[in-house]
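An overview of the molecular structure
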Amino acid sequence: MTEKDPSLLGKVRDKLIRRKEEWAKEGRLLTGQAGAPGGPERLPPGQREVKNWPVLDLGVQPDVSAEKWHLRVDGLIANPVAWDLETFLAQPQIDSVSDIHCVTAWSRYDNRWQGVSARHLLSVVQPLPEARFLVFHSYDGYTTNVSLADFDDADVLLAHSWEGKPIPREHGGPVRIVLPKRYFWKSAKWVCRIEFLAKDRPGFWEERGYHNEADPWKEERYG
Ligand SMILES: Nc1nc2c(c(=O)[nH]1)N[C@H]1C(S)=C(S)[C@@H](COP(=O)(O)O)O[C@H]1N2
Ligand SMILES: [Mo]
């Protein structure tokens, strides 16, 4: 099964997707205020704190076993890699605590993630000088794009564990991206491929009215 499997994409909940597209058109939840990370406010504008952890997906939660999971890293890099889970787990590991900010207005503080840092991955694959953007591809057909500058940050990781336990299937296990300084839709679950590009290419929600940069402190929800 690849990220392009049309039978999986066909199963996504069209209604759910249409509603989120409507939100983008209406500018739902926008407050017009701005904040800054590290400022006095921990909660970005328009967000509220939750203690639970909501599940958001396209109506499909692919069952990716440890044996089946692979990560392909390709595009404008000197060293393309294809890792199975064992190879992934053999890389240097980091622990990182960060807050989650979802565009649907919930935030969840102090999530302890464990996995391989974005910076370690970059040191292995060696992006070429012309590489400036990345697209994450997932087993459910989802894609999302970020700049290389946003990915190349100390708090970004490819996580396999949350609070000391393997990330459960509904939250993107065996491996998901965690990119704390952007709304959570940039944190691809069930990641299977990272593609390096010279030119930006919008992903699933970015093509459906959501903001390309998605900075919660600037309230970049839609765009
Ligand atoms: N592969 C994949 N990744 C995804 C999504 C998705 O539908 N598929 N949804 C995104 C959105 S909109 C959010 S808010 C978060 C939700 O992650 P959670 O279910 O662990 O809270 O995952 C993001 N990553
Ligand atoms: Mo989201």
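A brief report on the enclosed structure follows. Within each chain, residues carry numbers counting from 1 in the order of the written sequence. Written order decides the labels, with chains lettered from A and ligands numbered from 1. In view of the model being predicted, local features appear only for residues whose pLDDT reaches at least 70, and side-chain atom pairs are presented and counted only at 80 or more, with totals across whole chains, interfaces and linings using the full set of residues. Hydrogens are left out, water is left out, and the side-chain values use all remaining heavy atoms of the structure.

Time to look at the sheet that holds strand S2 (residues 70–75). By this definition, two strands are paired if DSSP reports at least two bridges between them. Numbering of helices and strands runs from the N terminus, with a helix taken as a DSSP run of H or I at least four residues long and a strand as a DSSP run of E at least two residues long. If you walk across this open sheet you meet the 5 strands as S3-S2-S11-S6-S7, and the pairing is mixed. Among the strands making up the open sheet, the edge pair consists of strand S3 (81–84) and strand S7 (143–147). Strand-to-strand twist across the sheet, computed as the mean angle between neighbouring axes with direction ignored, equals 15 degrees. In this description, contact between two residues means that some pair of their heavy atoms is separated by no more than 4.5 Å. Only the stretch in contact is used when fitting a helix axis, every axis being a line fitted to C-alpha atoms; angles between N-to-C directions are given from 0 to 180 degrees. Across the sheet, helix H4 (residues 118–125) touches S2, S3 and strand S11 (191–197), and the angle it forms with S3 is around 130 degrees.

Another point: the packing of aromatic side chains. Pairing of aromatic side chains requires ring centres within 6.5 Å, counting the rings of Phe and Tyr and the six-membered ring of Trp. Pairs whose planes differ by under 30 degrees are stacked, by over 60 edge-to-face, and all others tilted. Under the criterion given, the structure shown has 12 aromatic pairs. With a centroid separation of 6.2 Å and 85 degrees between ring planes, the pair formed by tryptophan 106 and phenylalanine 184 is classed as edge-to-face. Linking tryptophan 106 in strand S5 (residues 106–117) with phenylalanine 184 in the loop between strand S10 (176–178) and S11, this pair joins segments that are 78 residues apart in sequence. For the pair formed by tryptophan 106 and phenylalanine 184, the shared burial category is buried. On the basis of an interplanar angle of 65 degrees and a centroid distance of 5.2 Å, the ring pair of tyrosine 210 and tyrosine 222 is categorised as edge-to-face. Of this pair, tyrosine 210 sits in the segment after S11 while tyrosine 222 is found in the segment after S11, placing the two residues 12 residues apart along the sequence. In this pair, the class of tyrosine 210 matches that of tyrosine 222, namely buried. Relative accessibility under 20% of the residue-type maximum defines a buried residue, over 50% an exposed one, and the middle range a partly exposed one, all with a 1.4 Å probe and only protein chains included.

Neighbouring ligand 1 are 21 residues; Pro54, Asp140, His171, Arg176 and Lys189 lie closest to it. Polar contacts, as counted here, are pairs of nitrogen or oxygen atoms within 3.5 Å of one another; within protein the pair requires one atom able to donate a hydrogen and one able to accept it, and residues that are adjacent in sequence qualify only if both atoms are side-chain atoms. Take proline 54: an N or O atom from its main chain is 2.7 Å from an oxygen atom of ligand 1. One of the backbone N or O atoms of leucine 58 is found 3.4 Å from an oxygen atom in ligand 1. Each accessible area value is a Shrake-Rupley result obtained with a 1.4 Å probe; residue values ignore everything except the protein chains displayed when judging cover. For ligand 1, whose free accessible area comes to 530 Å², the fraction covered by protein is 99%. Amino acid classes used here: Ala, Val, Leu, Ile, Met, Phe, Trp, Tyr, Cys and Pro are nonpolar; Asp, Glu, Lys and Arg are charged; the rest, including Gly, are polar. Broken down by class, the residue content of the shell around ligand 1 amounts to 13 nonpolar, 3 polar and 5 charged. Each residue is tested against the molecule or strand, and it is near if at least one of its non-hydrogen atoms lies within 4 Å.

Any functional reading would require information beyond the geometric quantities listed.
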